[in-house]
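Analysis of the macromolecular model
Next come the chains, spelled out residue by residue.
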Amino acid sequence: MKKIKTWWMSFILLCGLTTVSCNDDDNPTFPEQPENTDPTGGYDMTGFARGADVSWLTEMEASGRRFYDSTGVERECMELLRELGMNSVRLRVWVNPTDGWCNKQDVLVKAWRASQLGYRLMIDFHYSDEWADPGDQKKPVAWGNYSLTELKQAVADHTTDVLSALKAQNIDVEWVQVGNETRYGMLWNDGFTDYDYSNAASFAQLINAGYDAVKTVYPDAQVIIHIDKGNRPQYYNGLFDALKAANAKWDIIGMSLYPGEDPSDTNGLTEWNPIDENGNTWMQQNDACIANMKALIEKYSTKVMMCEIGIPWNYEEAEAFYTDFITKAKQVEGCLGVFAWEPQCYGGWKSYHKGMFDDDGRPMASLNAFKRD
């Protein structure tokens, strides 16, 4: 078993970094990595992104959740995931969440920990105080009465603030999402596109405010516009045609894919249905998503990435599902990687059942799909 690097793990324990912050500073300070230290631990962290969104990790740790390897030995979660093949981490950012989790300080803690293990990093801005998704893009409370002009400035300022705090700790950021699952825009109602995408101009302006802010802090970071249902090309063509016409800027089209969410998701366990409302199996949904990727790359001269993917942890074909998708995605020239969403979740954490650990906190065979070649 590879041991956790004692110099930074000791710092985690000393400062209590399983909580939001180790002190009351707006931008906590972390120790410099010792000279001649290889943060990757000898693992190849380059190439196709094999990623994990672990945004719940510090909250899980603070609640007492622990993680174990297949033999039952307790492990630090990010190090274990790296050993299992992950080379990239995705972290969401909320503006002023009521409980503090996923705010700037919490993101700094997780990003710093990831950087000490050589992970590549994606930052996912929700531009909300809580979950932003296709059906809910609430403004942060503090931005509630802002005009469009003020919202653009707020997007730029918030993006700059978080990324500058990361850069100040010498943490590299490779990818940045400007919005999360923004199928119909963000910061509603100002940034709402209408369901026929006839009003995308305001959304495009908000995207560009975030895009420009990203490039100011991290000129080489790739900016992602991310929407859900990667197997539904009509959503992608509708939105990106409208955004292109409105002169929106992006580098990568990001996707989500959760087969079987329609028509029923129930409790994610025994009643879960892998067939969508059109009768498509998970394999057909995978194939439709891969075909959509290829078409988007060709149509918009863009790169693509699977930013979220998941299936119930105890589904008997989970390993086959992930292996099938990742194998096919790697063959798509222009697909940069695949990120599992909160794979470390287990035991019904937050009623989420699509992690990749069992009820004892041990990795499932589905993680074999993320192994290094």
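Residues numbered from 1 in each chain as written. Predicted model: local features only at pLDDT ≥ 70, side-chain atom pairs only at ≥ 80, totals over all residues. Heavy atoms only, no water.

1. What about the overall build of the protein?
Here is the rule: The helix and strand labels rest on DSSP assignments: H or I over at least four residues marks a helix, E over at least two residues marks a strand, and numbering proceeds from the N terminus. A simple rule labels every residue: compare its accessible area, found with a 1.4 Å probe on the protein chains alone, to the largest value its type can have, and call it buried under 20%, exposed over 50%, or partly exposed in between. A contact between two residues is defined here by any heavy atoms of the two lying within 4.5 Å. Only the protein chains shown count as cover for residues, with accessible areas throughout obtained via the Shrake-Rupley method and a probe of 1.4 Å.
When its secondary structure is counted, the protein shows 9 helices and 10 strands. Relative to its full complement of 373 residues, the protein shows a buried share of 59%. Considering only contacts within the protein whose residues lie at least 6 apart along the sequence, 77% involve residues at least 24 apart. About 14600 Å² of surface is accessible on the protein, with carbon and sulfur atoms providing 47% of the total.

2. Considerations on the packing of aromatic side chains
We apply this condition: For Phe, Tyr and Trp, rings pair up if their centres lie within 6.5 Å, where Trp contributes its six-membered ring, and each pair is then called stacked (planes under 30 degrees apart), edge-to-face (over 60) or tilted (otherwise).
Counted according to the given criterion, the structure contains 22 aromatic pairs. Look at Trp-94 and Trp-131: their rings are 4.9 Å apart centre to centre, the planes differ by 85 degrees, and that puts the pair in the edge-to-face class. Of this pair, Trp-94 sits in the loop between β4 (88-93) and α4 (104-115) while Trp-131 sits in the loop between β5 (120-125) and α5 (148-168); the two residues are 37 residues apart in sequence, bridging distant segments of the chain. Owing to a relative accessible area of 9%, Trp-94 belongs among the buried residues under this scheme.

3. Structural notes on the pattern of salt bridges
Rule in force here: When a carboxyl oxygen of Asp or Glu lies within 4 Å of a side-chain nitrogen of Lys or Arg, that pair is called a salt bridge.
Applying the stated criterion across every chain yields a total of 25 salt bridges. With a closest N to O distance of 2.8 Å, Glu-59 and Lys-350 form a salt bridge. Taken together, the positions of Glu-59 in helix α2 (residues 57-62) and Lys-350 in the segment after β10 (335-341) put the pair 291 residues apart, joining distant regions of the chain. Since its relative accessible area comes to 13%, Glu-59 is described here as buried. Residue Lys-350 is classed as partly exposed on the basis of its relative accessible area, which comes to 45%. A salt bridge links Asp-190 to Lys-139; its shortest N-O distance comes to 2.5 Å. One end of the pair, Asp-190, is in the loop between β6 (175-178) and α6 (201-217); the other, Lys-139, is in the loop between β5 and α5, with 51 residues separating them in the sequence. Linked through salt bridges whose partners overlap, the residues forming this network are Asp-53, Arg-90, Arg-92, Asp-124, Glu-308 and Glu-342.

4. Notes on the pairing of strand β1 (residues 49-53)
Stated formally: DSSP bridges decide pairing: two strands pair if at least two such bridges lie between them.
Counting buried residues in β1 gives 5 out of 5 residues, a clear majority hidden from the surface. Of the two faces of β1, the one holding Ala-49, Gly-51 and Asp-53 and the one holding Arg-50 and Ala-52 are both buried throughout. Note: β1 against β10, 5 bridges, orientation parallel. Its bridge partner being in β10, Ala-52 is matched across the sheet by Ala-340. In this structure, β1 lies alongside β4, joined through 3 bridges in parallel fashion. What sits directly across from Asp-53, in β4, is Arg-90.

5. Brief notes about the confidence of the model for the protein
Formally: Across the chain, each position has a pLDDT score giving the predictor's confidence in that residue, from 0 to 100.
Confidence along the protein averages 91 in pLDDT terms, with 88% of residues attaining 70 or more. Within the model, the stretch residues 1-8 combines pLDDT values under 50 with 30 contacts to residues more than four positions away or in other chains. Note on residues 13-24: pLDDT is under 50 here. Beyond four places in sequence and across chains, it has 26 contacts.

6. A closer look at the side chain of Glu-79
Note the following rule: Identification of polar contacts relies on pairs of N or O atoms within 3.5 Å, with a donor-acceptor requirement for protein atoms, meaning one able to donate a hydrogen and the other able to accept it, and with residues adjacent in sequence counted only if both atoms are side-chain atoms.
By the secondary structure assignment, Glu-79 is in helix α3 (residues 77-83). Accessibility expressed as a relative area gives 3% for Glu-79, which makes it buried. Within the structure, the side chain of Glu-79 is placed 3.4 Å from the side chain of Arg-75, a separation counted as a polar contact.

7. Notes on helix α7 (residues 233-245)
For clarity, the cut-off: A helix is expected to span 1.5 Å multiplied by its residue count minus one. It is the directions from the helix axis to the C-beta atoms whose arc is reported.
Under the 1.5 Å per step criterion, the end-to-end length of α7 is 18 Å for 13 residues, consistent within 8% with the ideal 18 Å. Within α7 the residues assigned to the buried category are Tyr-235, Tyr-236, Leu-239, Phe-240, Ala-242 and Leu-243. The arc that holds every buried residue of α7, seen down its axis, measures 155 degrees, which confines them to one face. Away from its buried face by more than 90 degrees, α7 exposes Lys-244 and Ala-245.

8. Some thoughts on the state of the cysteines
Defined as follows: Disulfide assignment relies on a single distance test, namely cysteine sulfur atoms paired within 2.5 Å.
Per the counting criterion, the structure on display carries 0 disulfides. In this structure Cys-289 is not part of a disulfide, and its nearest cysteine sulfur, from Cys-335, lies 8.5 Å away. The class for Cys-289 is buried, based on a relative accessible area of 0%.

9. Quick notes on helix α9 (residues 318-330)
Residues separated by three or four positions in an α-helix point in the same direction, a consequence of the helix having 3.6 residues per turn. An ideal rise of 1.5 Å per residue puts 18 Å on 13 residues; α9 measures up with 18 Å between its terminal C-alpha atoms. Of all the positions in α9, only Ala-318, Phe-321, Tyr-322, Asp-324, Phe-325, Ile-326 and Ala-329 are classed as buried. Looking at the buried positions of α9, the neighbouring elements they touch are β8 (252-257), α8 (282-300), β9 (303-309) and β10.

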